[in-house]
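Residue-level structure breakdown
So you can see what is in the structure, the chains are spelled out below.
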Amino acid sequence: MSDSKINDTRKKELLSTQVEHIDITSFDARPIIDSMKKMSFTSRDLANATGIYNQMLEDKDCTIFLVIAGSTSAGGCMDAYAELVRSNMVDCVVATGATIVDMDFFEGLGHKHYQALEVPDDDTLRSLYIDRIYDTYIDEEQLQDCDFTINKIANSLEHRGYSSREFIREMGKYLCEHGKKENSLVKLAYEHDVPIFCPAFVDSSAGFGLVKHQVDQMEKGEGYMMIDAIADFRELTQIKIEAGESGLLMVGGGVPKNFIQDTVVCAEILGHEDVSVHKYAVQITVADVRDGACSSSTLQEAASWGKVNTGIEQMVFAEAGSVIPLLASDAYHREHWKNRDKRRWAKLFEQS
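In this report, the structure presented in the accompanying data block is examined. (Residues numbered from 1 in each chain as written. Predicted model: local features only at pLDDT ≥ 70, side-chain atom pairs only at ≥ 80, totals over all residues. Heavy atoms only, no water.)

**So, the overall build of the protein chain**
For the record, the criterion: In this description a helix means any DSSP run of H or I spanning at least four residues, a strand means any run of E spanning at least two, and both kinds are numbered starting from the N terminus. The quantity called the radius of gyration is restricted to C-alpha atoms. Its globule counterpart is 2.2 Å times the number of residues to the power 0.38. Relative accessible area decides the class of each residue, using a 1.4 Å probe on protein chains only: under 20% of the type maximum gives buried, over 50% gives exposed, and in between gives partly exposed. When checking whether two residues touch, look at their non-hydrogen atoms; a contact exists if any pair is within 4.5 Å. To measure how exposed things are, a 1.4 Å probe is used in the Shrake-Rupley method; for residues, cover is taken only from the protein chains shown. When charges are counted, Lys and Arg contribute as positive and Asp and Glu as negative, whereas His and the chain ends are disregarded. A charged residue contributes its charge at one atom only: NZ of Lys, CZ of Arg, CG of Asp or CD of Glu.
Broken down by element type, the protein chain carries 14 helices and eleven strands. For a compact globule of 352 residues, the expected C-alpha radius of gyration is about 20 Å, and the protein chain comes in at 21 Å, within 12% of that figure. C-alpha extents for the protein chain along the principal axes are approximately 65 × 50 × 40 Å. Counting the 352 residues in the protein chain, one finds 53% classified as buried. Expressed as a percentage of contacts within the protein chain between residues at least 6 apart in sequence, the contacts between residues at least 24 apart total 79%. Carbon and sulfur atoms provide 48% of the accessible area of the protein chain, an area that totals close to 15,700 Å². One finds the centroid of the 36 positive side-chain charges in the protein chain at a distance of 5 Å from the centroid of its 57 negative side-chain charges.

Here is the structure:
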């Protein structure tokens, strides 16, 4: 047997078990969360956090921001986040480029993530064009299809600056026309006018496709589109100014966390001193609080910067993939979302 056939066989073995994303509608976590309220440690923290999220959903004046960093989408929470959009449980998303492009848009194109049933030498994975996220695999050849699709979208657009929200909306439109997965966060956000922001958008597979777009255009002596990071900050701050009361459901930390929290300060700089701090805040993280990094800075610490309210906040120090399904299922089955008005913040920019 030739080496190529041996490699093909080995690759198929390693990519034989797909990650199945959890369906928060298929089970009712309310009894578990109710029991956790009577416990201690992280269990009680999670119950308190779930209670705060339900408060956000009950508050008819509250715009809810879903903030995602890390790889929980690849690990099985992708459909949970999509359901939050479908059921009007979040009004705006701020996330890493990897979450939106490499994970959600990637699966929207029909590709999959796979469970690593064994972890061979990473040099072997590289020789087989398999990328690894802890115990999850991605086919690099499929990821390159994602890169080239981003390039294709960029090539179809007018040569000017775009906020990441604006470009991701084009990605959602593309999935509506050509996608192969109904339960895509990017697609559903487009359909429900829920804006998605990626403040470090090119730090993802989108970056490769957009760089190729610019290089190809420059070689032809023509103009090109670009991502306007300042427009990102301006647009997200505009939503905060218009929204009034707001709540944060944060998975992980990093740039998305700081970005959404800074909208309060930015609004003040713009002369909107009446804009309130984020009223509610939940953060799920495993980051250590001792290193001074943004991902691990507590919500109490953020209050000193004038970003969040100190009264209705909860840190949950847990791996998000193990607790998001419980929090989201509880909130889904309590059904406060059924009484919420749709904000459709994406339409704010159609009027600009």
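Next comes the rest of the write-up.
**Focus on the packing of helix α7 (residues 140-155) against helix α8 (residues 164-178)**
When two helices pack together, their arrangement is given by the angle between the helix axes and the distance between those axes. Basically, it comes down to this: Each axis is a line fitted through C-alpha atoms, taken for helices only over the stretch in contact, and angles between the N-to-C directions span 0 to 180 degrees. Oblique is the label for every angle not falling under 35 degrees (roughly parallel), over 145 degrees (roughly antiparallel), or within 65 to 115 degrees (roughly perpendicular). All amino acids are sorted into three groups, where Ala, Val, Leu, Ile, Met, Phe, Trp, Tyr, Cys and Pro are nonpolar, Asp, Glu, Lys and Arg are charged, and the leftover types, Gly among them, are polar.
Packing of α7 against α8 brings their axes to within 11 Å, and their N-to-C directions diverge by 110 degrees. As the angle between them shows, α7 and α8 are arranged roughly perpendicular. Here T149, I150, K152, I153 and A154 of α7 lie close against α8, whose contacting residues are F167, E170, M171 and Y174. Here the contact of α7 with α8 is built from residues that sort into six nonpolar, one polar and two charged.

**Thoughts on the nonpolar core**
For clarity, the cut-off: Only buried residues count toward a nonpolar core, which is a set of Ala, Val, Leu, Ile, Met, Phe, Trp, Tyr and Cys residues joined through side-chain atoms within 4.5 Å.
Counting residues in each nonpolar core, the largest one holds 71 residues, and the members touching the most others are Y53, L84, I100, F105, F167, M171 and F201. Here this core gets eight residues from one element, more than from any other, and that element is helix α14 (residues 320-334). If sequence neighbours within four positions are ignored, I100 has contacts with A95, F105, I168, M171, L185, V186, I196 and C198. Of all hydrophobic cores here, the second largest spans 16 residues; its members include F65, V67, M250 and F349.

**Description of the pairing of strand β10 (residues 280-285)**
Definition in use: Any two strands between which DSSP finds at least two bridges are classified as paired.
Counted residue by residue, β10 has six buried out of six residues, so it is predominantly covered. With burial as the criterion, each face of β10 is covered, one bearing Y280, V282 and I284 and the other bearing A281, Q283 and T285. Bridging between strand β9 (residues 246-251) and β10 involves five bridges; their strand directions are parallel. Looking at β10, one finds that L248 is bridged to A281.

**Focus: the sheet that holds strand β3 (residues 114-115)**
One open sheet accounts for three strands, arranged β3-β5-β4; its pairing is antiparallel. The open sheet has two free edges, formed respectively by β3 and β4 (130-133), since each of these has just one partner strand. Across two bridges, β3 lies against strand β5 (residues 136-139) in antiparallel orientation. Bridge pairing in β5 places Y114 opposite Y137. Strand contacts of α7: β3, β4 and β5, with the helix running at about 60 degrees to β5, the strand carrying the most contacts.

**Thoughts on the packing of aromatic side chains**
Formally: Pairing of aromatic side chains requires ring centres within 6.5 Å, counting the rings of Phe and Tyr and the six-membered ring of Trp. Pairs whose planes differ by under 30 degrees are stacked, by over 60 edge-to-face, and all others tilted. The rule for a charge over a ring is simple: NZ of Lys or CZ of Arg within 6 Å of the ring centre, and within 35 degrees of the ring normal.
In the structure shown here, the tally under the stated rule is four aromatic pairs. Seen from their ring centres, F105 and Y174 are 6.5 Å apart, and the 50 degrees between their planes marks the pair as tilted. Of this pair, F105 sits in helix α5 (residues 97-108) while Y174 is found in helix α8, placing the two residues 69 residues apart along the sequence. Like F105, the residue Y174 is buried in the burial classification. In this arrangement the basic side chain of R126 is found over the ring face of Y129, its NZ or CZ atom lying 5.2 Å from the centre.

**Details of the environment of F233**
Counting through the fold element by element, F233 comes out in helix α11 (residues 229-243). Residue classification places F233 among the partly exposed positions, given a relative accessible area of 26%. Sequence separation between F233 and T263 is 30 residues; the distance between their C-alpha atoms is 7.4 Å. The contacts of F233, once residues within four sequence positions are left out, are F259, D262, T263 and C266.

**Let's talk about the state of the cysteines**
Here is the rule: The disulfide definition used here is simple: a pair of cysteine sulfur atoms within 2.5 Å.
Under the criterion given, the structure shown has zero disulfides. For C266, which is in no disulfide, the shortest distance to another cysteine sulfur is to C92 and amounts to 14 Å. With a relative accessible area of 17%, C266 lands in the buried category.

Shape is all these values report; function is a separate question.
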